Amino acid sequence: MKKILDFLPERPVKPRNTGITMVMDKGLSLREAEDFISIGSEYTDFVKLGFGTALITPGLPEKIRLYKKAGVMPYFGGTLFEAFLVRDMFRDFLKFIDDNEIEYVEVSDGSYDIDHARKLEYISELAKRGSVISEVGSKKKEIIYTPEEWVSMMKAELEAGSVKVIAEARESGTTGIYNADGSANMTIINAISDNVKLDNVIWEAPLKSQQVWFIKNFGPNVNLGNIPPTEIIPLESLRLGLRGDTFFDFLPENLRNK
Amino acid sequence: MKKILDFLPERPVKPRNTGITMVMDKGLSLREAEDFISIGSEYTDFVKLGFGTALITPGLPEKIRLYKKAGVMPYFGGTLFEAFLVRDMFRDFLKFIDDNEIEYVEVSDGSYDIDHARKLEYISELAKRGSVISEVGSKKKEIIYTPEEWVSMMKAELEAGSVKVIAEARESGTTGIYNADGSANMTIINAISDNVKLDNVIWEAPLKSQQVWFIKNFGPNVNLGNIPPTEIIPLESLRLGLRGDTFFDFLPENLRNK
Amino acid sequence: MKKILDFLPERPVKPRNTGITMVMDKGLSLREAEDFISIGSEYTDFVKLGFGTALITPGLPEKIRLYKKAGVMPYFGGTLFEAFLVRDMFRDFLKFIDDNEIEYVEVSDGSYDIDHARKLEYISELAKRGSVISEVGSKKKEIIYTPEEWVSMMKAELEAGSVKVIAEARESGTTGIYNADGSANMTIINAISDNVKLDNVIWEAPLKSQQVWFIKNFGPNVNLGNIPPTEIIPLESLRLGLRGDTFFDFLPENLRNK
């Protein structure tokens, strides 16, 4: 199928810095993780073991080994970091990630509000030990950041050592960069995209309508996160214009007006 | 991870009488049932083979053996009981559960309205042969019980021999103890919780928002049912405060106001 | 369970011309396809490899072999046909389906508008090489066909050689024969059912409420499509009256008023 694939948008090969997909595993069995890998490893860069599930998932070390062997980088959801932090157990958190041979760490403050200067210190410290992905945005509906705050926090976190910043949306896709009905909050998104290098941002986009919106607006190689495992092939279809929603978006100009 | 687990809410170990989770299997393959067991058996007390699926599920005897061996008690959805009953085949129903070596039986009247006195007789008769779980609440939107009726039916059924009573919500979570939009009907729920021993009630809570509501209001060890298999780890995370929604609910007092 | 099954609606055995179920596989792994087959092959006639997923699914030849061996006929979603067509690669499409030993072909114009006369020519040509299933209805919300157009297109396509026509609804179930809220568009559906032989129509019905509507209105053996793999057993339960929604619909008259 060389020929038709030549007519599709180009996707960088792994390891890549753009066109990244982060999938959320919120409790797959080992065999289900293998199933996912067999179908999705080429299209997936990161797997987030959602929120604090790592603490209660049977077979965690085997799962981490499976993902790493498949070239899909596993890391723990930021809520785990926060669960240790709120109990004054940061040193235990470090031990936990070391024991599990985890190279990427998510630093977030979605549930537990900490001073942003302190968050930056954690990012700096963790960046010396491995790679940090930090998340901006609260899980709480009553905490609303201005577009300027989104931008300045993201910039500061990248400067402190994060390799990527994630724009929060939760598993439900109804907070942070989205309105309560799941539609895109364009004021926030535009402010971010105007001021932060797009390669450095991963947009959480659990709902198909959100994936479509980002691919239409930022192209096939926009970085997307919180993708359910079962949606990895459908998402790749959207990126490549192989689904109705983006069918015409990435066609060569001369075919587009047919 | 002894240490951080010490800081999480305590969960009774199986077999337990409180903190129960009932999962609905509406057509898993044998291998998928194995996958579920590998990840969820510690957290799951009962698996309901939903509505009448038992009659048309290939490999039913093997599936029942799998669940029993894993210490997860399987039983047939109440609609199966009703499907036999409406055809005057109660004796055939008894044979069917005996042939399948099923120890728990669900008695319900969600689709087929029977006199409550007659329902109590079935509960008594079946309680002599095994353990009965009975369900209160109609699947029909036009049948609405008063809070007093919910309470009196539950009490009568427990007295007749049910080991647990289930509060109906369907797979969709939009009837019975919930309003049409899936939100909790607090008048009914409060009446039940004020008058029926909570250990004896299993609340159907298929939607995450419903699980959160019950855990926040009745604590980590509330009995919940109709949980989709893929939600067993996320639900346990909610019970333990390892997810944003319940992050602060079960923290020691001195950490809660941080 | 011969006895109770005798009391349930009769379902034709495969290969059958009515009571057909078409399932959408949008990216199962090989092992997940095996799992699906183990539970659903008896109840499933066709598996559509959704939209353009065939181009990017690892292990496609093995998957096709698996389904064919199980007597579940696989075919590619119509968007794949359209993706080749818009790039003037119809001959390459023929080669692709031949290379993959696919016997059924879906011809659609849901994303790429082509003249209906030209669509009929494609149907005729493809009908000489294998079996054609054609789809009527646009994926675009701005393209709305009158009931008369639905009927005349379906009739013309059957005449041109389609063995079945599919009434479009998308994976989301919110366009074509449904209103934007997913409810049935009865004007269109009635026009079709009054004028086109029902055995020849497959109704896309991804949502449970839609499956219930069609089964209640057209009986247990209505042809339904775009069923998620995990819903195959629940759907068969609906067809057989083994679920609350259709519990009374197919009971013998004397039992119905109980």
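Residues numbered from 1 in each chain as written. Chains lettered and ligands numbered in written order. Predicted model: local features only at pLDDT ≥ 70, side-chain atom pairs only at ≥ 80, totals over all residues. Heavy atoms only, no water.

A. Here's a closer look at the overall build of chain A. Regarding its fold elements, chain A presents 11 helices and 8 strands. The C-alpha radius of gyration computed for chain A amounts to 18 Å, which stays within 12% of the reference 18 Å derived for 258 residues, consistent with globular compactness. For chain A, the C-alpha atoms occupy an extent of roughly 60 × 45 × 30 Å along the three principal directions. Of all 258 residues assigned to chain A, the portion counted as buried reaches 61%. Long-range contacts, defined as pairs at least 24 residues apart, comprise 70% of the intrachain contacts of chain A with a sequence gap of at least 6. Of the roughly 9,700 Å² that chain A leaves accessible, carbon and sulfur atoms contribute 52%. Treating the 32 positive side-chain charges of chain A as one cloud and the 39 negative ones as another, the clouds have centres 4 Å apart. (Helix = DSSP H or I, 4+ residues; strand = E, 2+ residues; numbered from the N terminus. Rg over C-alpha atoms; globule rule 2.2 N^0.38 Å. Buried < 20%, exposed > 50% of the residue type's maximum accessible area, 1.4 Å probe, protein only. Contact = heavy atoms within 4.5 Å. Areas by Shrake-Rupley, 256 points an atom, 1.4 Å probe, with all protein chains shown as cover. Lys, Arg positive; Asp, Glu negative; His and termini not counted. Charge placed at Lys NZ, Arg CZ, Asp CG, Glu CD.)

B. The arrangement of the environment of Gly182 of chain C in detail. Mapped onto the elements of the fold, Gly182 of chain C is located in the loop between strand E6 (162–167) and helix H8 (186–195). For the pair Gly182 of chain C and Leu5 of chain C, spaced 177 residues apart in sequence, the C-alpha to C-alpha distance is 32 Å.

C. Geometry of the pattern of salt bridges. All chains considered together, the criterion is met by 58 salt bridges over all chains. Between Lys119 of chain A and Glu157 of chain A there is a salt bridge, with the nearest N and O atoms lying 2.8 Å from each other. Of this pair, Lys119 of chain A sits in helix H6 (residues 116–129) while Glu157 of chain A sits in helix H7 (residues 147–160); the two residues are 38 residues apart in sequence, bridging distant segments of the chain. Classification of Glu157 of chain A as buried rests on a relative accessible area of 0%. A salt bridge links Arg129 of chain B to Asp98 of chain B; its shortest N-O distance comes to 2.5 Å. (Salt bridge = Lys/Arg side-chain N within 4 Å of Asp/Glu carboxyl O.)

D. Quick look at unusual backbone geometry. Residues Lys14 of chain A and Pro15 of chain A are joined by a peptide bond in cis, for which omega reads -10 degrees. Looking at where Pro15 of chain A falls in the secondary structure, it is placed in the loop between helix H1 (2–6) and strand E1 (21–25). Within the chain, Phe51 of chain B stands out as a residue other than glycine whose phi angle is a positive 35 degrees. Examined against the element boundaries, Phe51 of chain B turns out to sit in the loop between strand E2 (46–49) and helix H3 (60–69).

E. Summary view of the interface of chain C and chain A. In this complex, chain C contributes 30 residues to the contact, which on the side of chain A involves 29 residues. Approximately 2,700 Å² of surface area, both sides summed, lies buried where chain C meets chain A, with 63% of it carried by carbon and sulfur atoms. Among the residues of chain C in contact with chain A, Arg31, Ile56 and Arg87 of chain C are the three that bury the most area, contributing 26% of the side total. Counting every contact that joins chain C to chain A gives 6 residue pairs in polar contact (both at pLDDT 80 or more). (Buried area = accessible area lost by both parts, 1.4 Å probe. Polar contact = N/O pair within 3.5 Å; in protein donor to acceptor, adjacent residues only side chain to side chain.)

F. Region of the structure containing the sheet that holds strand E5 (residues 131–136) of chain C. Residue and element names in this part refer to chain C. Reading across the sheet, the 8 strands line up as E3-E2-E1-E8-E7-E6-E5-E4 and stay open at both edges, with parallel pairing between neighbours. Looking at strand neighbours, the two that pair on one side only are strand E3 (73–76) and strand E4 (104–107), the edges of this open sheet. Pairs of neighbouring strands in the sheet enclose a mean axial angle of 25 degrees, with direction left out of account. Here 3 bridges tie E6 to strand E7 (residues 201–204), and the two strands are oriented parallel to one another. Across the sheet, Ala167 pairs through a bridge with Trp203, a residue of E7. Seen against the sheet, helix H3 (residues 60–69) touches strand E1 (21–25), strand E2 (46–49) and E3 and runs at an angle of roughly 140 degrees to E3. (Pairing = 2+ DSSP bridges. Axes fitted to C-alpha atoms, helices over the stretch in contact; angles between N-to-C directions.)

G. Broad picture of the interface of chain A and chain B. Contact residues are listed per partner, giving 30 residues for chain A and 29 residues for chain B. At the boundary of chain A with chain B, total buried surface from both sides reaches about 2,700 Å², with 63% on carbon and sulfur atoms. Ranking the residues of chain A by area buried against chain B places Arg31, Ile56 and Arg87 of chain A at the top, with a combined share of 26%. Where chain A packs against chain B, one counts 3 salt bridges.

H. Up close: helix H3 (residues 60–69) of chain A. Residues and elements named next belong to chain A. Along H3, the positions that sit buried rather than exposed are Leu60, Lys63, Ile64 and Tyr67. The arc that holds the buried residues of H3, viewed along the axis, is 100 degrees, so those residues lie on one side. Facing away from the buried surface of H3 by more than 90 degrees, the exposed residues are Arg65 and Lys69. Its buried side turned inward, H3 meets E1, helix H2 (30–40), strand E2 (46–49), strand E3 (73–76) and helix H5 (90–99). Immediately beyond the C-terminal end of H3, within one or two residues, lies Gly71, with a positive phi of roughly 75 degrees. (Arc of directions from axis to C-beta.)

I. Here's a closer look at the sheet that holds E3 of chain A. Residues and elements named next belong to chain A. Spatial ordering of the open sheet is given by E3-E2-E1-E8-E7-E6-E5-E4, a layout of 8 strands whose pairing is parallel. Each edge of the open sheet is held by one strand with a lone partner, namely E3 and strand E4 (104–107). Each strand axis lies, on average, 25 degrees off the axis of its neighbour in the sheet, ignoring direction. The sheet contact formed by E1 and strand E8 (residues 224–227) spans 2 bridges and is parallel. Bridge assignment links Val23 to a residue of E8, and that residue is Ile227. Against the sheet, helix H9 (residues 208–218) contacts strand E7 (201–204) and E8, and its axis sits at roughly 170 degrees relative to E8.

J. Expanded view of the packing of aromatic side chains. As enumerated under the stated definition, the model contains 54 aromatic pairs over all chains in all. Aromatic side chains Tyr145 of chain A and Trp150 of chain A sit 6.3 Å apart centroid to centroid with 85 degrees between the ring planes, which places their arrangement in the edge-to-face category. We note that Tyr145 of chain A, like Trp150 of chain A, is buried. Seen from their ring centres, Phe81 of chain C and Phe93 of chain C are 5.5 Å apart, and the 70 degrees between their planes marks the pair as edge-to-face. Of this pair, Phe81 of chain C sits in helix H4 (residues 78–86) while Phe93 of chain C sits in helix H5 (residues 90–99), and the two are 12 residues apart along the sequence. An identical accessibility class is assigned to Phe81 of chain C and Phe93 of chain C; each is buried. Put simply, the rings of Phe76, Phe81, Phe84, Phe90, Phe93, Phe96 and Tyr122 of chain A pair up and form one aromatic cluster. (Phe/Tyr/Trp six-rings, centres within 6.5 Å; stacked < 30°, edge-to-face > 60°.)

K. Focus on the confidence of the model for chain A. Chain-level pLDDT for chain A is 94 on average; 98% of the residues reach the 70-or-more range. Reported for the predicted complex are a pTM of 0.96 and an ipTM of 0.95. (pLDDT = per-residue confidence, 0-100.)

L. Molecular detail of the relation of the copies chain C and chain A. Superposition record for chain C on chain A: RMSD 0.0 Å, screw rotation 120 degrees, translation along axis 0.0 Å. In short, the pair behaves as if placed about a three-fold rotation axis. Among all C-alpha atoms of chain C, that of Glu32 of chain C lies closest to the rotation axis, at 5.0 Å. Different-surface contact between copies: only 3% of interface residues of chain C are shared with the interface of chain A. (Least-squares fit on C-alpha atoms with pLDDT ≥ 70 in both.)

M. Up close: the pairing of strand E1 (residues 21–25) of chain B. All names here are of chain B. The buried count for E1 comes to 5 of 5 residues, which makes it a mostly enclosed element. Every second residue of E1 is oriented toward a common face, with Thr21, Val23 and Asp25 on one face and Met22 and Met24 on the other, all of them buried. Bridge count for E1 against E2 is 4 bridges, and the pairing is parallel. Residue pairing in the sheet places Val23 in a bridge with Val47 of E2. Crossover handedness for the path E1 to helix H2 (residues 30–40) to E2: right-handed. (Right-handed = clockwise from strand over helix to strand, strands pointing away.)

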